[in-house]
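Structural overview for review
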Amino acid sequence: MALDLLWSDLRIASRNAVRRPGFTLLVAVTLALGIGVNSAVFALLDGVLLRPLAYRDPSRLVFVWQTLPAQNVMELEATPFDYDAWHGLRSLSALAMVYPDTYTLTGDDNPERIRGSRLTASLMPMLGIAPQIGRAFTQAEDLDGASPVVILSDGVWRRRFGGDDRVLGRNILIDGEPRTIVGVMPPRASLPGPLAESGELWLPARLTAEERVNESSHNYRILGRLADGTSLQQASAELRAFASRMAAERPSHNNMNATLVAVPEQTIRSVRPTLLLIAGSVALLLLVASANASTLLLARTSNRQHELAVRTALGATRGRLLSFAVAESVVLTGLGGVAGLMFGGWTLRALLPLFAEVLPRAIPIDIDARVTLFTIAVSCLLALVFGIIVSVHSLDGGLVERLKGSGRGVTGSGGGTRGGLVVAQVALAVVLLSAAGLMVNSVVKLSRVQTGFDADHLLTFKVALAGSRYASAPSRVAFAATLLERLEQNGGVRSAGLSTVVPFSGARAGDAFTIEGRPRQRGELLIADQRHVSTGYFKTMHIPLVKGRLLEASDDSRAEQVVVINRTMAARQFPNEDPIDRRVKTFDSSWLRIVGVVEDVRHVALTRDPVTEMYRPIAQTASPVFTLVVRSDHDPAVLAPAARATVQTVDPDIPIYDVRTMEERIASSFAQTRGTMLLLLVTAGLAATLSGVAIYGSIWYSVSQRIPEIGVRLALGASRTSVFAGVLRRALSLTAVGVTIGVTAAIGAGRMMTGLLFETRAADPTTLTVVACGTMLVAVTAGIVPARRAMRVDPIIALRND
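Everything in this summary refers to the structure shown in the same document. It should be emphasised that the depicted structure is a prediction, and the values quoted were computed from it without experimental measurement.

Right, let's talk about empty space enclosed by the protein for a bit. Counted by the stated rule, this structure contains seven cavities of 30 Å³ or more. Taken together, Gln66, Asp82, Trp86, Phe242, Ala243, Met246, His253, Met256, Asn257 and Ala258 make up the lining of the largest cavity. Among the elements of the structure, helix H7 (232-249) and strand S11 (257-262) are those that each provide at least two residues to the lining of the largest cavity. Ranked by residues supplied to the lining of the largest cavity, first place goes to H7 with three residues. Split into classes, the residues belonging to the lining of the largest cavity amount to six nonpolar, three polar and one charged.

In this section: the nonpolar core. Core analysis: the largest hydrophobic core is formed by 91 residues, its most contacted members being Leu123, Phe137, Trp202, Phe453, Tyr537 and Phe538. With nine residues, the single largest contributor to this core is helix H14 (residues 415-447). When near neighbours in sequence (up to four residues on either side) are disregarded, Phe538 contacts Val533, Ile543, Leu550, Leu551, Val564, Val598 and Tyr615. Core analysis: the next-biggest nonpolar cluster, separate from the first, contains 26 residues, Val423, Val430, Leu734 and Val739 among them.

This part takes up a nonpolar patch on the surface. Residues Tyr696, Trp700, Ile784 and Val785 make up a contiguous nonpolar surface patch of about 310 Å² in total accessible area. Contributing elements (two or more residues each) for the nonpolar patch: helix H21 (671-705) and helix H24 (765-791). Its location among the elements puts Val785 in helix H24. Taking the relative accessible area as the measure of exposure, Val785 reaches 42% and is therefore partly exposed.

Now for the packing of helix H15 (residues 473-488) against helix H19 (residues 640-650). Contact geometry of H15 with H19 gives a least axis separation of 10 Å together with a crossing angle of 135°. Looking at the two axes, H15 sits oblique to H19. Considering how the two elements wind past one another, H15 and H19 form a crossing that is right-handed. Judged by residue contacts, Phe479, Thr482, Leu483, Arg486 and Leu487 of H15 engage Ala643, Thr646, Val647, Thr649 and Val650 from H19. For the contact of H15 with H19, the class distribution of residues is six nonpolar, three polar and one charged.

With that out of the way, let us pick up the side chain of Arg221. Along the chain, Arg221 falls in strand S10 (residues 221-226). A distance of 3.2 Å separates a polar atom in the side chain of Arg221 from a polar atom in the side chain of Glu77. Setting aside residues up to four positions removed in sequence, Arg221 forms contacts with Trp65, Glu77, Ala96, Met97, Val98, Pro100, Pro194 and Leu195.

Here we come to the packing of aromatic side chains. A complete count under the given rule lists seven aromatic pairs for this structure. Pairing Tyr99 with Tyr220 gives two aromatic rings, centres 5.0 Å apart and planes at 45°, and the pair type is tilted. Here the residue Tyr99 occupies a position in strand S3 (residues 92-106), and Tyr220 occupies one in the loop between helix H6 (209-212) and S10, the gap between them amounting to 121 residues. Taken together, a centroid distance of 5.6 Å and an interplanar angle of 80° make the contact between Tyr470 and Phe479 edge-to-face. Just as Tyr470 is buried, Phe479 falls in that class too. In textbook terms, an aromatic cluster arises when at least three aromatic residues are bridged by ring pairs, as seen for Tyr537, Phe538 and Tyr615. Over the face of the ring belonging to Tyr99 we find Arg118, whose NZ or CZ atom lies 5.6 Å from the ring centre. Above the plane of the ring of Phe670 lies Arg674, whose end atom (NZ or CZ) is 5.4 Å from the centre.

Tracing the chain through its elements places Ser434 in helix H14. Beyond its immediate stretch of four places on either side in the chain, Ser434 contacts Ala746, Thr767, Leu768 and Val771.

A separate point is the environment of Gly229. Among the structural elements, Gly229 can be located in the loop between S10 and H7. By relative accessible area, Gly229 is classed as exposed at 76%. Here the alpha-carbon distance between Gly229 and Ser91, two residues 138 residues apart in the chain, equals 8.9 Å. Once residues lying within four places of it in the same chain are set aside, the contact partners of Gly229 are Arg60 and Gln234.

Thresholds applied
- Residues numbered from 1 in each chain as written.
- Predicted model: local features only at pLDDT ≥ 70, side-chain atom pairs only at ≥ 80, totals over all residues.
- Heavy atoms only, no water.
- 1 Å grid on protein atoms, 1.4 Å probe; cavity = no way out; pocket = protein on both sides within 12 Å on 5 of 7 lines; lining within 4 Å.
- Points joined across faces, edges and corners; volume = space filled by probe spheres on them.
- Helix = DSSP H or I, 4+ residues; strand = E, 2+ residues; numbered from the N terminus.
- Nonpolar A, V, L, I, M, F, W, Y, C, P; charged D, E, K, R; others polar.
- Core = buried A, V, L, I, M, F, W, Y, C linked by side-chain atoms within 4.5 Å.
- Buried < 20%, exposed > 50% of the residue type's maximum accessible area, 1.4 Å probe, protein only.
- Contact = heavy atoms within 4.5 Å.
- Patch = residues over 30% accessible without salt bridge, like charges linked within 9 Å, V, L, I, M, F, W, Y side chains within 5 Å.
- Areas by Shrake-Rupley, 256 points an atom, 1.4 Å probe, with all protein chains shown as cover.
- Salt bridge = Lys/Arg side-chain N within 4 Å of Asp/Glu carboxyl O.
- Axes fitted to C-alpha atoms, helices over the stretch in contact; angles between N-to-C directions.
- Parallel < 35°, antiparallel > 145°, perpendicular 65-115°, else oblique.
- Left-handed = near helix turned anticlockwise from the far one by under 90°.
- Polar contact = N/O pair within 3.5 Å; in protein donor to acceptor, adjacent residues only side chain to side chain.
- Phe/Tyr/Trp six-rings, centres within 6.5 Å; stacked < 30°, edge-to-face > 60°.
- Lys NZ or Arg CZ within 6 Å of the ring centre and 35° of its normal.

In short, shape yes, function no, at least from these values alone.
In structure tokens, the structure reads:
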């Protein structure tokens, strides 16, 4: 019986929705905006924050990092020596070591540079993953002298071998060395956390005897699995105690400690604050949309008081009216939910490129069954809430009064609730607009940060020299010199240079150093980022010389080893003396004479201050991997094909990769901030629009209900100007209350955004003032049309109709 009544109510509600297409469309679109954006963001949250990682018991996987507390370095890669030493920890049941790197695939007409990793055989069993075809590595392949083998990612297998199952046993050339393919990983199989992008090639560790005892090469990532019954806190305590003993026993570990970070935390922590901010903002948008829909439903309910009173007089109970109200809400929210799911798919496709730089790439993010269930749940909850709100206001006033009210309804029915909903929408819109304003402020200030070089018209691309042909330093130096010479011969190229690390590349190369004649203090560790550059690098980048000279062609392997330092290193290490001709030494160099000081460059990020840096001539270091920087007369992107062709003329087996303009590199460095700003702007814009519609609708409905009263006032001598002002005053008063509440809430919300802001106060007075004034302007705009309608009321017609 109950189901029959419910089905009957749904049929009637559906017919009512068809009879009022304008109203139905307005409510459905309003809800679709709120539900759709929330569905898209839930897909992000579900994929990144809520789903477990695709490893065996991922909550017990950890990264093991060394730390240098005195240098504020809290996550330092370990050495092979530490990897062997940490096997004695009882709180870790397994350990694995990974060395991420890039490799060149050759042997055909399509040389390619691919990111991969050397790893110990213990890694795959520890993660609980295995090749889809072939086998994993054996422990014997961890040792030097083992057969050279490789496991391909699914992407490389399909891209270069067409997904051929007969690929096992075939040889491919990796950095000029033949390697036998022994396996292919499943689709989406990846290394954890920051290693996720280094999983296109999986190579065995093959550690030499020298590598195993290395205590200075901090380039290895260590992963572990917590022993059964051991908590992260217990394991961390044992690790710190072990590291303290090592620091006391070995000079190489002086001032070092160690820490554990859970793999899930390591994977998502950089993006979590942004996702939570986005989730909060779209939740506010859903509240605004829901309030707007509630206002529309209440207005329609007020116009249907006579119909509802007749139903009551004929015996309809409150429960029956509630059932009918819920049925109508289900129809409307169902339409909004379906439209919202489609809109959510479009929104998600627009969101993913905005955050592509920061989202974990191995995690699938899509509108799937879980997102669909979330959308259905939100729609059902809204249907229930709307039904209750409407049913509560369906019986305002006495039955006789409502029957007499005919089609006009009872004046003021639900008016207080509608006014409260308008205030709530305005307050929420102010919070969103303020958050968007703070992010705009941050992006504007980031765009004005001085980088220390001229990024205009710069093209960058990487080159890696691998194989026996480039095993010697002279061959690498000769290749670099020839390539630079030929690049500068291309039309449209002003100059060219190279560096092992360029700004905003996401890479750093730090080395410890000592200063000649300056005794090392106990616990002191001096570290500088080191770049190996060509003589034309500073000219091409437009990095100014501060003191001394730049690197010259004569600074080659036959000359004294020299170095150019940046202003920060000069100020920190030589504050009261001239650094020119002083000498410094790194662990892998002889004494380096300082010949010049150049201006600081922001290498890591626009938000990070310059660090201590040294520039060494690549002619003296012969690094095999470097980035070319080419300054163009015009759009640098058009130089990419010519640059690739130029490299091919020098050596057809050398690919170029990571081809980007410098402006693209800078833009990607704050892509997360810019993406958050854009999403907040869109969300805030939608909320402000819906709030304006709510103000307009509420005031228009109020005027419609008060036409007889306005007619009486005009008949008694009230001026039309006073009527206009009174209606506009109502709009401004509701908005003013909402703005006051919203500004107060925005100050609190801004404090939660502090970590995402750059040189912007959480309670920025300019932003709050602009938002408040803009919102009041929206209220004036929304109230003008209803106010003009009120002032044009004809008293005689109004009184006759009443």
